[in-house]
Amino acid sequence: MGDFNIFHHMPWSSAYSIYFFTIGISAALFFMSALSWYREEFRTLRSSAFYLSFVLLVVSGLLLIGDLSKPARFLNTVNPAYLNFSSPLAWGALNLLSFGAVSVAYFFMMRKGNEAMSRKLAVLGSLLALGLPIYTGFDLTVHQNRPVWNTPLMPILFVALSLVSGAAVASFLAGKQEKLLVMLRQIMLWSGGAVAAMLISLLGTTAYGGTGEELTFMFMTSGTLGAIFIGVGILLGTAAPILLLLAPFGRQQGGVMLAALLLLVGGMALRYSILIGGQIVQTYF
Amino acid sequence: MSETRLSSSETHGVPGKKRYAMVIDLRRCIGCDACMVACKAEFDVPLGVFRTWVPYKVVGTYPNVRKHFMPRLCNHCEDPPCVRACPVGATYVVEDGGFVLQHYDRCIGCKACMASCPYNARFMLPKSRTYTDITSVVDKCTFCHHRVTQGLSPACVQTCIGRARIFGDINDPASEVSRLVSTLPTQVLRPEEGTKPHVFYIGLDRNTSEFGREVYSRPEVLEEDRQAFNKNHQA
Ligand code: SF4
Ligand code: SF4
């Protein structure tokens, strides 16, 4: 070899994966709080899930702004004279802001005990919450030159990941509420299963893709990233908790919480490895 | 190159509009890196980042080996993914000429454009610079917009000792770039990305321009090189 190249940096650092993680949980927790108006089992989560969702929304916003190299200019993203609607980031900025505004309104209506308004805001907020993982998925998927990212799966995968991680956090807030734990276990099982199915397709299409995809597959399934993606993300953080939830122990509170912990670790590992995995090969071009 | 027009700013072949392009004749490049130096001087490009760079690959089997140089720069794509990725319109196309440029005062530094460029043509400027106060925003090659609009050629073209870089208006049938692209087989980088690049290579070999399997099983020395490079050239 003896080649010479300029070594390019990965544009998006791992901080983005923490953002994906926290915003996904925030969105799902809002959804759980909203559900409480329509499903009695979720009643105990109404305020606790909402408060945690709001804290995580603030943390996510700060993470996102902190990662800009010009943080003070973050308001440019909502300047109508600048907004470029062909960019998913522009949609994301609007989605985040409107979700924040609806969250604040929801808080006041809840405090006032205005049930009719709270119910309406719960639905509106849930729709906006759904937009958050969808737009983060689009953030990645629109880059046609990036292996792993550029697949129609990404927005749906992020929605499923958001539900898994959100239900996992909610199960820590649920305490000993039997009926609620049953529901959360169901959500974790179904969305965890969806994540697993999508990961299998993702691995298949990546392994059988072109040069960039194939090389990315090799990076993501070996070495340190392989340990994080396959070891922590898929085996420990997706397959193991699903099996655990299916086992008799997985129907008890302890089992659900252990599975939730594993799903959270796995959710973070998957987001990290997908974010980094899509950028490795390009640094050599 | 696909003839479908997707973006409204496409000017290739549009009568009455200029469309600048560069032809790089790889048969003539000797790898002297003068273009890299000229560009650095023209724009005070900081250490560790480049608007144009000349990577090389040693190809062939001993004794039949050669160094394959491949000068690189922004391709001033006709359908640039960087422009559509920018949430605040900080990167834009100058319709008359096809330059893809930056509004430095608008860029928020989200790096979406860097993620979307299939050619690694973009980089982040460091937090502080000695002679220039444009910092912490994304930068890239401008096709020397300030020179070209004054009737000069880009700095890299002007300095190229082998006349490997040729610049001009591809919409003008009498221009040298037009003649070269019309009469010789040329290649653009990664045409499959749908970007319609406007840097045309003569003598480009796809086998050497893409990363191969050696990216995965690269010699340790290359990784050490990479780490040293990253350590010394954090932008
Ligand atoms: S080469 Fe990259 S930076 Fe230049 S116009 Fe094309 S996509 Fe944009
Ligand atoms: S880094 Fe700047 S130019 Fe690039 S997409 Fe973000 S705001 Fe636009």
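Below is a short write-up of the structure.

Criteria and thresholds
- Residues numbered from 1 in each chain as written.
- Chains lettered and ligands numbered in written order.
- Predicted model: local features only at pLDDT ≥ 70, side-chain atom pairs only at ≥ 80, totals over all residues.
- Heavy atoms only, no water.
- Helix = DSSP H or I, 4+ residues; strand = E, 2+ residues; numbered from the N terminus.
- Contact = heavy atoms within 4.5 Å.
- Areas by Shrake-Rupley, 256 points an atom, 1.4 Å probe, with all protein chains shown as cover.
- Bend = angle between axes of the 7 residues up to and from the residue.
- Buried < 20%, exposed > 50% of the residue type's maximum accessible area, 1.4 Å probe, protein only.
- Salt bridge = Lys/Arg side-chain N within 4 Å of Asp/Glu carboxyl O.
- Polar contact = N/O pair within 3.5 Å; in protein donor to acceptor, adjacent residues only side chain to side chain.
- 1 Å grid on protein atoms, 1.4 Å probe; cavity = no way out; pocket = protein on both sides within 12 Å on 5 of 7 lines; lining within 4 Å.
- Points joined across faces, edges and corners; volume = space filled by probe spheres on them.
- Nonpolar A, V, L, I, M, F, W, Y, C, P; charged D, E, K, R; others polar.
- Buried area = accessible area lost by both parts, 1.4 Å probe.

All right, on to the overall build of chain B then. Of the regular secondary structure elements, chain B holds eight helices and 12 strands. For chain B, long-range pairs separated by at least 24 residues make up 59% of all intrachain contacts whose partners lie at least 6 apart in sequence. By element, 52% of the accessible surface of chain B is carried by carbon and sulfur atoms, the whole surface being about 10700 Å².

Remark: the principal bend of helix α8 (residues 223-246) of chain A, roughly 35°, maps to L235 of chain A. Taken together, the buried positions of α8 of chain A are L225, G226, F229, G233, I234, G237, T238, P241, I242, L244 and L245 of chain A.

Residue and element names in this part refer to chain B. Here the structure, examined in full by the defined rule, presents 14 salt bridges over all chains. We note a salt bridge from R27 to D25, for which the minimum N-O separation is 2.9 Å. The buried category is assigned to D25, whose relative accessible area is 5%.

Let's shift gears to the side chain of H198 of chain B. Topologically, H198 of chain B is positioned in the loop between β11 (186-187) and β12 (199-202). Of note is the side chain of H198 of chain B, whose polar atom sits 2.6 Å from the side chain of H12 of chain B.

Turning next to the layout of surface pockets. Residue and element names in this part refer to chain A. Taken as a whole, the second largest pocket spans an internal volume of roughly 560 Å³. As for the second largest pocket, its lining consists of 26 residues, and the residues nearest its centre are G61, L64, I65, F74 and L96. Those elements that provide at least two residues to the lining of the second largest pocket are α2 (45-67), α3 (88-112) and α4 (115-141). Considering every element that reaches the lining of the second largest pocket, the biggest residue donor is α3, with eight residues. Counted by class, the lining of the second largest pocket contains 21 nonpolar, four polar and one charged residues.

Let us now look at the environment of M10 of chain A. All names here are of chain A. Within the secondary structure, M10 sits in the segment before α1 (15-35). Spatially, the C-alpha atoms of M10 and G131 are 26 Å apart, while their sequence positions differ by 121 residues. Not counting the four nearest positions on each side in its chain, M10 is found in contact with I276, Q279, I280 and T283.

If you look at the interface, chain B gives 58 residues, while chain A gives 44 residues. Around 4700 Å² of area is buried between chain B and chain A when both sides are counted, 58% of it from carbon and sulfur atoms. Our count for the contact surface shared by chain B and chain A stands at one salt bridge. Its salt-bridge partner being K111 of chain B, residue D67 of chain A comes within 3.9 Å of it at the nearest N-O pair. Where chain B meets chain A, there are 25 residue pairs in polar contact (both at pLDDT 80 or more). At the level of secondary structure, the elements contributing two or more residues to the side of chain B that touches chain A comprise β3 (56-61), α2 (81-85), α3 (112-116) and α8 (220-232) of chain B. Its residues placed into classes, the side of chain B that touches chain A shows 31 nonpolar, 12 polar and 15 charged.

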